[in-house]
Amino acid sequence: MTNIHKRFLLKAHSLANKNFGKTFPNPSVGCLIVKNNKILSKAATAKAGRPHAEEIALKKAGKNSYGSIMYVTLEPCNHDSYNGSCTNQIIRSGIKKIYIAKFDPDSRTNKKSIKKLKKNNIKVNVGLTQNKTFETNKFFFKSLKKNKPFTKVKMAVSNDNKIAWQDYSSKWISNANSRKYAHVLRYNSQAILTTSKTIQIDNPRFTIRRNNKIIKFIPLIIIDNFLKISLKSKVLNSLSKRRVIIFTSLNNKKSKYLKKIGCEVILMKKQSNTKLNLKHIFTKIYSIGIRDILVEAGGIFFTELLNNKLVDEIHLFKAPIKIGKKGIPILIGKSIKDLKLSIINKKMFGKDKYSNYVIKS
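Note that the structure is a prediction, hence the values are computed from the model and not measured.

Quick word on the sheet that holds strand 11 (residues 220–223)
Piece 1. Overall, mixed pairing links the nine strands, which are arranged 13-12-11-8-14-6-15-18-17 in an open sheet. Each having just a single partner strand, strand 13 (264–267) and strand 17 (341–349) make up the two edges of the open sheet. Sheet twist, expressed as the average angle between the axes of neighbouring strands with direction ignored, equals 20°.
Piece 2. As defined by bridge partners, strand 17 adjoins strand 18 (residues 352–359) across eight bridges and the pair is classed as antiparallel. Residue pairing across strands places Ile-343 opposite Tyr-357, the latter belonging to strand 18.
Piece 3. On top of the sheet, helix 11 (residues 299–307) reaches strand 6 (150–157), strand 8 (191–195), strand 11, strand 14 (292–295), strand 15 (313–318) and strand 18; it is set at about 145° to strand 6, its chief contact.

Right under this line is the structure:
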């Protein structure tokens, strides 16, 4: 019987995976309602996180939910949704048993829902496929634990670990297939984090494209201590389509103008070394509802993030070219080999080697 229940849970995970990237800042959850081994309804968390998967599945199943089994990839919420908490809706529905892949770490729910369900004579099984819930929603579990966004760094490097030629003349190091996958990484992120220096050098659009067509805009966060961003930057052309958040120490005419045209300008105090405090910035990013970020910047900023222990994952695209000693290094004062990394995925994009590393804590 365990195999049958696991099979239905895996179907719920499949729903959650397909919907990932659309539910930020909430996790993507999948849910099935099953009776006599037949699926009555299925659902995933709706866009922007509401309504929850359970709520949608219950509405679809209607009165047929009575006496059925629910399979859900995360513990149902114990706090209010559109029609009260998912837990209360499950109790009212007459569902007799529920298989839950993993506990919800949110203090508003954590194990409280399970206790309430059991108290109302609903049989509860927890943990059968918990690893899959974690893998899908790493950002949710990790950001909630540390009160900072889950942070991925994407870098394209040469075979000798350089990110550009000395004069920054190179635009692309990785090949077209690698760049295509980089847009998948963007799609699966809640926001992009960069620096004014990167915008000055590359003047990127930071859009998400498929077949050279823009398919999505996500929030862009810019670290710009002295407001060096050019008012002609391409990223300022998309203010009507997405949030552009700028962290700076300056409150002047330029900052007021940037606010006027639609940027969110957040003032931060400088440290003694004239740089902004990255840990404070990350806490602020979390507080404004951004829980997952993809960093696209240079080696200096990457090094600063590592020094402040603010990196969770690295996505590295290594091209089979050599730039030489005068090239711009991926890290300042250290090597990738010096980092405590664990590889979780690797593949080839043509001749480019892609590696996904997690930073060991």
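Side note on unusual backbone geometry
Piece 1. Cis geometry is adopted by the peptide bond preceding Pro-25, which originates at Phe-24 and carries an omega value of 5°.
Piece 2. For the bond running from Arg-50 to Pro-51, omega is -10°, close enough to zero to count as cis.
Piece 3. As for its placement among the helices and strands, Pro-51 is situated in the loop between strand 2 (38–44) and helix 2 (53–61).
Piece 4. A positive phi angle, close to 65°, is found at Asn-37, a residue other than glycine.

Remarks on the pattern of salt bridges
Piece 1. Within this structure, the stated rule accounts for eight salt bridges.
Piece 2. As a salt-bridge pair, Glu-313 and Lys-138 come within 2.5 Å of each other at their nearest N and O atoms. Remark: Lys-138 occurs in helix 6 (residues 138–146) and Glu-313 occurs in strand 15; sequence separation between them is 175 residues. Lys-138 carries the same exposure label as Glu-313, and that label is buried.
Piece 3. One salt bridge connects Lys-154 with Glu-296, and the closest N-O pair in it is separated by 3.4 Å. With Lys-154 in strand 6 and Glu-296 in the loop between strand 14 and helix 11, the pair connects residues that are 142 residues apart, well separated along the chain. An identical accessibility class is assigned to Lys-154 and Glu-296; each is buried.

Quick word on the packing of helix 3 (residues 86–93) against helix 4 (residues 112–119)
Packed helices, taken two at a time, are described by their axes: the angle between them and the distance between them.
Piece 1. It is at 10 Å that the axes of helix 3 and helix 4 come closest, and there the two elements cross at 15°. Relative to helix 4, helix 3 is oriented roughly parallel. Crossing of helix 3 against helix 4: the hand is right-handed. Where helix 3 abuts helix 4, its residues Thr-87, Asn-88, Ile-90 and Ile-91 lie against Ser-113, Lys-116 and Leu-117.
Piece 2. Class assignment of the residues belonging to the contact of helix 3 with helix 4 gives a composition of three nonpolar, three polar and one charged.

Rules used throughout
Residues numbered from 1 in each chain as written. Predicted model: local features only at pLDDT ≥ 70, side-chain atom pairs only at ≥ 80, totals over all residues. Heavy atoms only, no water. Pairing = 2+ DSSP bridges. Helix = DSSP H or I, 4+ residues; strand = E, 2+ residues; numbered from the N terminus. Axes fitted to C-alpha atoms, helices over the stretch in contact; angles between N-to-C directions. Contact = heavy atoms within 4.5 Å. Salt bridge = Lys/Arg side-chain N within 4 Å of Asp/Glu carboxyl O. Buried < 20%, exposed > 50% of the residue type's maximum accessible area, 1.4 Å probe, protein only. Parallel < 35°, antiparallel > 145°, perpendicular 65-115°, else oblique. Left-handed = near helix turned anticlockwise from the far one by under 90°. Nonpolar A, V, L, I, M, F, W, Y, C, P; charged D, E, K, R; others polar.

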